Amino acid sequence: LARFVLTVLKLTLAFELTGAAILTMRWAGEYGVGRAAYHGVFHAISAFNNAGFALFSDNLVRFRSDWIVNLVITTLVICGGLGFIVLTAIGRARRFRRCSTHTRLVITLTGALVVITTALIWLIERNNAGTLQPLGAGEALLASYFQAVTPRTAGFNTLDLGAMLPVSLFVMMVLMFIGASPGGTGGGVKTTTFGV
């Protein structure tokens with residue numbers, strides 16, 4: 001138990017410090033080093049712990065086309081949601097087939113949920129003037145991906161949720177119900193329960 005708690009602390013610090021450093025570097029030009037560091041640390045912790053709190057009045061909508069912010073936040077959300085047992089197993093595994101059934105199920109379902117939901121949100125919202133229609137192809141895909149990752153437990157958004165179509169909101173509610181994986185930092189009924 002003590003070794004596992006130490007592993008949890010190490011993984012948490014590693015992910016959050018790395019995310020905070022990248023976000024701080026990204027925002028330093030806009031906000032100055034001190035404020036950028038505060039924003040970077042806050043958002044890295046919020047993302048990895050699947051809290052979804054943002055310090056900006058529009059959540060993260062202003063960064064909708066920013067690949068760095070989007071990929072850092074979604075990576076932290078996904079890694080926090082995978083669970084510490086799975087993160088530890090990934091670090092030790094040489095081959096996917098040698099991983100436990102639990103680890104394979106979590107990784108497979110997480111990947112499938114992200115890919116399927118990204119495609120669904122893009123297909124549903126692509127002609128919606130309030131969300132994806134005015135965006136270029138790359139930005140629309142990035143926004144669809146971000147909205148596919150975050151509703152499961154985190155709650156960040158880069159699209160105006162009030163302008164989204166009811167079908168998209170229903171898809172996001174299903175994701176909220178499923179949630180993260182066992183031992184992760186998010187809620188829900190868990191990906192493994194949904195998979196079984």
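Scope of this entry: the structure provided in the associated data block. These figures come from a predicted structure and were not determined experimentally.

Looking now at the environment of Met-173. Summarising the element assignment, Met-173 is placed in helix 7 (residues 166-178). Take Met-173: its relative accessible area is 49%, and that puts it in the partly exposed class. Separated by 22 residues in the primary sequence, Met-173 and Pro-151 have C-alpha atoms spaced 7.7 Å apart.

Here we come to helix 3 (residues 67-82). In this model, helix 3 (16 residues) spans 22 Å end to end at C-alpha, consistent with the 22 Å of a helix rising 1.5 Å per residue. Those residues of helix 3 that fall on the buried side of the exposure criterion are Val-69, Asn-70, Val-72, Ile-73, Thr-74, Leu-76, Val-77, Cys-79, Gly-80, Gly-81 and Leu-82. Where helix 3 is buried, its residues contact helix 1 (2-31), helix 2 (33-48), helix 4 (84-92), helix 5 (101-125) and helix 6 (137-149). Between the side-chain oxygen at the start of helix 3 and the backbone nitrogen of Ile-68 there is a gap of 3.0 Å, and the oxygen is on Asp-66.

Turning our eyes to something else, we now look at the side chain of Asn-128. Along the polypeptide, Asn-128 turns up in the loop between helix 5 and helix 6. A polar side-chain atom of Asn-128 sits 2.9 Å from the main-chain amide nitrogen of Gly-130. Discounting residues that sit within four places of it in the chain, Asn-128 has contacts with Gln-133, Pro-134, Ala-163, Met-164 and Leu-165.

Take the packing of helix 1 against helix 4 next. If you want to describe how two helices pack, look at the angle between their axes and the distance between the axes. For the pair helix 1 and helix 4, interaxial distance at closest approach is 10 Å and the crossing angle is 80 degrees. Classified by the angle their axes make, helix 1 and helix 4 are roughly perpendicular. Mapping the contact onto sequence places Phe-4, Thr-7, Val-8, Leu-11, Thr-12 and Phe-15 in helix 1 and Phe-84, Ile-85, Leu-87 and Thr-88 in helix 4. Split by residue class, the contact of helix 1 with helix 4 holds 7 nonpolar, 3 polar and no charged.

Further remarks concern the environment of Leu-109. Relative to the helices and strands, Leu-109 resides in helix 5. The spacing of Leu-109 and Asp-160 is 51 residues in sequence and 27 Å in space, taken between C-alpha atoms. Dropping the residues within four chain positions of it, Leu-109 is found in contact with Thr-191, Thr-192 and Gly-195.

Attention shifts here to the packing of aromatic side chains. Scanning the entire structure with this criterion turns up 7 aromatic pairs. Between Phe-15 and Phe-48, the ring centres sit 5.3 Å apart and the planes meet at 15 degrees, which makes this aromatic pair stacked. With a gap of 33 residues between them, Phe-15 in helix 1 and Phe-48 in helix 2 connect regions that are remote in the sequence. Judged by relative accessible area, which is 0%, Phe-48 ranks as buried. Between the aromatic rings of Phe-56 and Phe-63, the centroid separation amounts to 5.1 Å while the plane-to-plane angle is 65 degrees, which identifies the pairing as edge-to-face. A residue is classified by how much of its surface remains accessible, and Phe-56, at 8% relative accessible area, is buried. One aromatic cluster is present, built from ring pairs that chain together Trp-27, Tyr-31, Phe-56 and Phe-63.

This next bit is on the pattern of salt bridges. Within the structure shown, the criterion is met by 4 salt bridges. Close ionic contact of Glu-30 with Arg-26 constitutes a salt bridge, the shortest N to O distance being 2.6 Å. Here Glu-30 pairs with Arg-26, and both are found in helix 1, just 4 residues apart, close to one helical turn. Classification of Glu-30 by relative accessible area gives partly exposed; the value is 44%. Looking at Arg-26, the relative accessible area reads 24%, which means it is partly exposed. The partner of Asp-58 in a salt bridge is Arg-62, with the nearest N and O atoms 3.1 Å apart. In this structure Arg-62 comes out as partly exposed when scored by relative accessible area, which is 43%. Put simply, Arg-26, Glu-30 and Asp-66 are held in one network by salt bridges that share partners.

Rules behind the numbers
Residues numbered from 1 in each chain as written. Predicted model: local features only at pLDDT ≥ 70, side-chain atom pairs only at ≥ 80, totals over all residues. Heavy atoms only, no water. Helix = DSSP H or I, 4+ residues; strand = E, 2+ residues; numbered from the N terminus. Buried < 20%, exposed > 50% of the residue type's maximum accessible area, 1.4 Å probe, protein only. Expected span 1.5 Å × (residues − 1). Contact = heavy atoms within 4.5 Å. Polar contact = N/O pair within 3.5 Å; in protein donor to acceptor, adjacent residues only side chain to side chain. Axes fitted to C-alpha atoms, helices over the stretch in contact; angles between N-to-C directions. Parallel < 35°, antiparallel > 145°, perpendicular 65-115°, else oblique. Nonpolar A, V, L, I, M, F, W, Y, C, P; charged D, E, K, R; others polar. Phe/Tyr/Trp six-rings, centres within 6.5 Å; stacked < 30°, edge-to-face > 60°. Salt bridge = Lys/Arg side-chain N within 4 Å of Asp/Glu carboxyl O.

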